[in-house]
Amino acid sequence: RARFDDTLFHNAARCNTVTAWDGFSVTDLVWHDDQVIGVIGSGADKQALTLTADLVVGADGRFSTIARKVNAATVDAVTDHPTSLLYAYWRGAALSQEPCATAYGENNGYGLLVMDSADDTLCVCIEGRADLLESGGDAEKHYLDLIRKAKPVWHRVEHAAMVPKLRRMRKVGNLYRTPGGKGWALVGDAYHQKDPIDGQGIYDAVLSAKLLSQAIMMARSGEQKWEDALTWYDTQVRAETFEMYQSTLER
């Protein structure tokens, strides 16, 4: 994922209409009355910097700072069955004749996904019921104990090295948010997120980015008012994602 994100960032940075700052963190928004007109943030030097903009887009993930600062309403949230993930990358794993991505499950509340990753590593991910994966103690020990129970998986990694450490996603959200407002908009997981079991996250992010860009162009060209363009954006994204959202929640 780090490799993929880096590629996306540098591809965008090549455009002569883009000013790209790596390592810049947004901490707050700039307002004029009830409209967002910019951001406040800092880079590696920790010096606060204020930037103004016609539109601020929150593409900042499921814990979106932008969504929180504008108090974006949550819509169609489902919290009945939260899921968590434990995953790590392994170097030196044994080769396998199985496909590059293989899922294992025994209908016991969680499953394992094993897939090839970058730099000759193997990703082993456990996903399932949060109450089963939130150990409350040593998460790495809990992760290894669960892998040992899955003999085909443990056979591949028992002599491999975990690089660099265990990672977690805790109690993944299932929701939509208000797509935008005066001077701001949300995209990707900041706007819509769901359990990753169906592998739709990157598709949803790219889809919503394309549709939001169309909405922005419609508003700037005068074809639609910004409020109407946002409604169009929300309607189009839901038309493409809501059926899968419901199907994912059923599983």
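Relevant structure appears above.
The residue numbering used here restarts from 1 in each chain and proceeds along that chain's sequence as written. Thresholds applied to this predicted model are a pLDDT of at least 70 for local features of residues and 80 or more for the giving and counting of side-chain atom pairs; totals over whole chains, interfaces and linings are not thresholded and use all residues. Side-chain measures were taken over the full set of non-hydrogen atoms in the model, leaving aside hydrogen atoms and water.

### With respect to the sheet that holds strand β2 (residues 35-42)
Strands were regarded as paired on the criterion that DSSP finds at least two bridges between them. Numbering goes from the N terminus for both helices and strands, where a helix is a DSSP run of H or I of at least four residues and a strand is a run of E of at least two. Pairing is antiparallel in the open sheet, where three strands are placed in the order β1-β2-β3. Across the chains shown, the open sheet's two edge strands, defined by having one partner strand only, are β1 (25-32) and β3 (48-52). Neighbouring strand axes in the sheet, compared pairwise and without regard to direction, differ in orientation by 30° on average. Bridge analysis of β1 against β2 gives seven bridges, and the strand direction is antiparallel. Bridged to D28 within β2 is I40. Axes here mean lines fitted to C-alpha atoms, for a helix over just the part in contact, with angles spanning 0 to 180 degrees between N-to-C directions.

### A few points about the packing of aromatic side chains
For Phe, Tyr and Trp, rings pair up if their centres lie within 6.5 Å, where Trp contributes its six-membered ring, and each pair is then called stacked (planes under 30 degrees apart), edge-to-face (over 60) or tilted (otherwise). For the coordinates displayed, the defined rule picks out seven aromatic pairs. Arranged with centres 6.2 Å apart and planes meeting at 80°, the rings of Y87 and Y89 form a pair that is edge-to-face. Through pairs of rings, three or more aromatic residues link up here, namely Y176, Y191, Y233, F242 and Y245.

### Some remarks on the nonpolar core
With 27 residues, the main nonpolar core has L29, L186, L212, W226 and Y233 as its most contacted residues. Counting only elements with at least two residues in this core, the list comes to β2, α2 (65-69), β13 (184-186), α6 (201-221) and α7 (226-250). The element that contributes the greatest number of residues to this core is α7, accounting for six residues. The residues contacting Y233, other than those within four sequence positions of it, are P179, L186, V187, Y191, S208, L211, L212 and A215. Core analysis: the next-biggest nonpolar cluster, separate from the first, contains 23 residues, W90, L144, I147 and M162 among them. What is meant by a nonpolar core is a set of buried Ala, Val, Leu, Ile, Met, Phe, Trp, Tyr and Cys residues, joined one to another through side-chain atoms within 4.5 Å. Remark: exposure states derive from per-residue accessible area (1.4 Å probe, protein chains only) relative to the maximum for the residue type, with buried under 20%, exposed over 50%, and partly exposed in between. Note on contacts: a residue pair qualifies if any of its non-hydrogen atoms lie within 4.5 Å across the two residues.

### As for the pattern of salt bridges
Think of a salt bridge as a Lys or Arg side-chain nitrogen and an Asp or Glu carboxyl oxygen that are within 4 Å of each other. Summed over all chains, the structure comprises 11 salt bridges. A salt bridge links D131 to R129; its shortest N-O distance comes to 2.7 Å. Among the residues examined, R129 registers a relative accessible area of 42% and is labelled partly exposed. The shortest N-O distance in the salt bridge between R170 and E134 comes to 2.6 Å.

### Comments concerning unusual backbone geometry
Looking along the chain, the bond that leaves V163 and enters P164 is cis, with omega of -20°. Relative to the helices and strands, P164 is located in strand β10 (residues 161-169). Phi at N107 is positive, roughly 55°, even though this residue is not glycine. With respect to the helices and strands, N107 occurs in the loop between β7 (101-105) and β8 (110-116). The class for N107 is exposed, based on a relative accessible area of 85%. Unlike most non-glycine residues, D120 shows phi in positive territory, near 60°.

### Describing the sheet that holds strand β11 (residues 175-177)
Strands sit in the order β5-β11-β14 across an open sheet of three strands; the sheet is antiparallel. Where the open sheet ends on each side, the last strands, each with one partner, are β5 (74-75) and β14 (192-193).

### Describing a nonpolar patch on the surface
What goes into a patch is any residue over 30% in relative accessible area without a salt bridge, connected to like charges within 9 Å or, for nonpolar side chains (Val, Leu, Ile, Met, Phe, Trp, Tyr), within 5 Å. Using the Shrake-Rupley algorithm and a 1.4 Å probe, accessible areas are obtained, with residue cover drawn only from the displayed protein chains. On the surface, F4, L8, I202 and V206 cluster together to form a nonpolar patch covering roughly 350 Å² of accessible area. Contributions of two or more residues to the nonpolar patch are made by α1 (2-13) and α6. With respect to the helices and strands, I202 occurs in helix α6. Residue classification places I202 among the partly exposed residues on the basis of a relative accessible area of 46%.

### Re the environment of L146
In this structure, L146 sits in helix α4 (residues 139-149). Residues L146 and L133, 13 residues apart in the sequence, show an inter-C-alpha distance of 9.3 Å. What L146 contacts, discounting residues up to four positions off in sequence, is Y110, I126 and L133.

### Concerning α6
Given the number of residues in a helix, its expected span is that number minus one, multiplied by 1.5 Å. Taking 1.5 Å of rise per residue, the 21 residues of α6 would be expected to cover 30 Å, and the 30 Å separating its terminal C-alpha atoms lies within 8% of that figure. Looking at α6, one finds that the buried residues are D204, L207, S208, L211, L212, A215, I216 and M218. For α6, the secondary structure elements touched by its buried residues are β4 (56-58), β13, β14 and α7. Looking one or two places after α6, you find G222, whose phi comes out positive at around 85°.

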